[in-house]
Amino acid sequence: MPLIDSLILFVISLVANLLSALAGGGAGLLQLPALLHLGLPFGMALATHKIASVALGVGATTRHWQTGKLKWRFALLILLAGLPGVWLGTQLILAIPEQIAQFALGVLTLGLGVYSLLKKDLGLTSQRIHRDKIGLIIGCLGLFIIGILNGSLTSGTGLFVTIWLVRWFGFDFTRAVSYTLILVGFFWNGLGALFLGLQTPVAWSWLPALLLGSLIGGYLGAHWALLKGNQLVKRSFEVLTILVGLSLLFT
């Protein structure tokens, strides 16, 4: 790949993953269209993006690990609830028409932003709710469904995990984003990348620039989220979801 193209990919990846680490998802809503615009076919662009997104999880995990606030039993619950759905979604995506997938993603993403905007105090403070057996079962079912979306829709489903952790389990936005970036960015996307890579070619020569941008962007975004707190994360989440949702619908 020419040096100038690698530089463009690095900058796109850096910005996309920095915003994603700050808002709790959505890197592919900027990164994937860029890959398509630069000439990759849809299946190859999606598989390449999924692999690059794993570096976002690595960068964010490195920063959030330093806080010592992650509850790994709960993280394992999120992981196990979503992975079967991710596998199921990867079996569906290449059979779904691209326009339908894009429209569905736009509607869902826009809805998340509007919902958060209308709920002024959503995710600004933490509360412990729905941690009984029934609450955990419903919570895991929600994560399983989001896992299907993660594997089948193009990207942005980390935003769904963030809002689900806030709304159902009572996390504040900063804590929800930390779990999302680690579990979705690293594990869910890693599994999705594996299964998509077995079904469609990957643009391996594009990956170094994308991986480097994802790694650095993930770390910096996680750092700013921890530094600035819930108000900035909530606003970033709302702005990103609304703008990207509208963009997908009009496109």
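The coordinates are above.
All values derive from a computational prediction rather than experimental measurement.

**Student:** I tried to follow a nonpolar patch on the surface on my own but got confused; where do I start?
**Tutor:** A cluster of nonpolar side chains, contributed by Ile4, Leu7, Ile8, Val11, Val15, Leu19, Leu30 and Leu38, occupies part of the molecular surface with about 630 Å² of accessible area. Judged by its relative accessible area of 37%, Ile8 falls in the partly exposed class.

**Student:** I would appreciate a short explanation of the nonpolar core in the present structure.
**Tutor:** Nonpolar side chains in soluble globular proteins tend to end up buried together. With 45 residues, the main nonpolar core has Leu165 and Tyr179 as its most contacted residues. Broken down by element, this core gets its largest block of residues, nine residues, from helix H8 (residues 173-199). Core analysis: the next-biggest nonpolar cluster, separate from the first, contains 19 residues, Leu9, Leu32, Ala193 and Leu210 among them.

**Student:** Before we go on, may I ask you to explain the environment of Leu56 in this structure?
**Tutor:** With respect to the helices and strands, the residue Leu56 is situated in helix H3 (residues 42-65). By relative accessible area, Leu56 is classed as buried at 4%. Leu56 sits 24 residues away from Leu32 along the chain, and the two C-alpha atoms are 14 Å apart. Among residues more than four places away in sequence, those in contact with Leu56 are Asn17, Ser20, Ala21, Ala27, Leu181, Ser214 and Gly218.

**Student:** In this structure, what is going on with the environment of Leu38? I would like to understand it.
**Tutor:** Structurally, Leu38 is set in the loop between helix H2 (28-37) and H3. For Leu38, the contacting residues outside a window of four places in its chain are Leu9 and Trp206.

Definitions and limits used
Residues numbered from 1 in each chain as written. Predicted model: local features only at pLDDT ≥ 70, side-chain atom pairs only at ≥ 80, totals over all residues. Heavy atoms only, no water. Patch = residues over 30% accessible without salt bridge, like charges linked within 9 Å, V, L, I, M, F, W, Y side chains within 5 Å. Areas by Shrake-Rupley, 256 points an atom, 1.4 Å probe, with all protein chains shown as cover. Salt bridge = Lys/Arg side-chain N within 4 Å of Asp/Glu carboxyl O. Buried < 20%, exposed > 50% of the residue type's maximum accessible area, 1.4 Å probe, protein only. Core = buried A, V, L, I, M, F, W, Y, C linked by side-chain atoms within 4.5 Å. Helix = DSSP H or I, 4+ residues; strand = E, 2+ residues; numbered from the N terminus. Contact = heavy atoms within 4.5 Å.

Purely geometric numbers; function is a separate question.
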